[in-house]
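Listed below, chain by chain, are the residues.
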Amino acid sequence: GADASLSSASLERREPEGVWRRLADLTADGEGRLRYEDRDVTPGASYEYRLRYTSDGQSRTTAVATITVPAATPFALKGAMPNPSPRHKLAIAYSLAERSPAKLELFDAQGRCVATLDVGLLGLGAHTVTLGEARDLRAGLYWARLTQGAQQATTRIVIVD
């Protein structure tokens, strides 16, 4: 806030050009910070926030802070980029909707798993990974499978020499 000595304030929020409404009364923590995590937001929407506090007996507000909530990332397996793909440059594109363990597997036409990569550590959002194990694969038809929790996606990949 504008006054670093604030020990308490009310947090207010509005959608742009909307009506201000009080979300919470805040009290400073041990480091003198006022904290609040707003979980009642919509992905892709913008919100304006301000603090309302009393100083010298008068109600005042801080400057407005505008926050745009990132749009939700879908769980998706886009597949090889390009497809067909040369085996020495097999890159697979996908996106994760949450931060949790995820696995990318590559299966040959007989259903044997020929490569596995843990990809959940890369986190939320869109990613492209290169499968170094593909150098040892023969040209042909393969299936990529992305798994994260109960979600699963599969796509066909063609590898060429």
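Parameters at a glance
Residues numbered from 1 in each chain as written. Predicted model: local features only at pLDDT ≥ 70, side-chain atom pairs only at ≥ 80, totals over all residues. Heavy atoms only, no water. Helix = DSSP H or I, 4+ residues; strand = E, 2+ residues; numbered from the N terminus. Buried < 20%, exposed > 50% of the residue type's maximum accessible area, 1.4 Å probe, protein only. Core = buried A, V, L, I, M, F, W, Y, C linked by side-chain atoms within 4.5 Å. Contact = heavy atoms within 4.5 Å. Pairing = 2+ DSSP bridges.

Caption draft 1: Representation of the environment of Gly32 within the structure. The topology assignment puts Gly32 in the loop between β2 (21-27) and β3 (46-55). Assessed through its relative accessible area of 41%, Gly32 is described here as partly exposed. Gly32 sits 22 residues away from Thr54 along the chain, and the two C-alpha atoms are 16 Å apart.

Caption draft 2: Molecular detail of the nonpolar core. One finds Leu77, Leu90, Ile92, Leu106, Leu146 and Ile157 to be the most contacted residues of the largest nonpolar core, which totals 21 residues. Elements that contribute at least two residues to this core include exactly β6 (76-80), β8 (91-96), β9 (103-108), β12 (140-148) and β13 (151-160). Setting aside anything within four residues of it in sequence, one finds Leu146 in contact with Phe75, Ala76, Leu77, Tyr94, Ser95, Leu96, Lys103, Leu104, Val119, Gln151, Gln152 and Ala153. In this structure, Leu11, Ala24, Leu51 and Val69 belong to the second largest nonpolar core, which totals eleven residues.

Caption draft 3: Representation of the pairing of strand β1 (residues 8-14) in the model. When you tally the buried positions in β1, you get six out of seven residues, the bulk of the element. In this structure, β1 lies alongside β2, joined through six bridges in antiparallel fashion. Directly across from Ala9, in β2, lies its bridge partner Leu26. Two successive antiparallel strands, β1 and β2, enclose a turn made up of six residues, where Glu17 displays a positive phi of approximately 70°. When β1 meets β3, the two strands line up antiparallel, connected through five bridges. Counted as the bridge partner of Leu11 is Leu51 from β3.

Caption draft 4: Seen up close, the sheet that holds β13. In space, the five strands of this open sheet follow the order β7-β13-β12-β9-β10, with mixed pairing throughout. The open sheet is flanked by β7 (85-86) and β10 (113-118), the only strands paired with a single partner. As defined by bridge partners, β9 adjoins β10 across five bridges and the pair is classed as antiparallel. Bridge pairing in β10 links Lys103 to Asp118.

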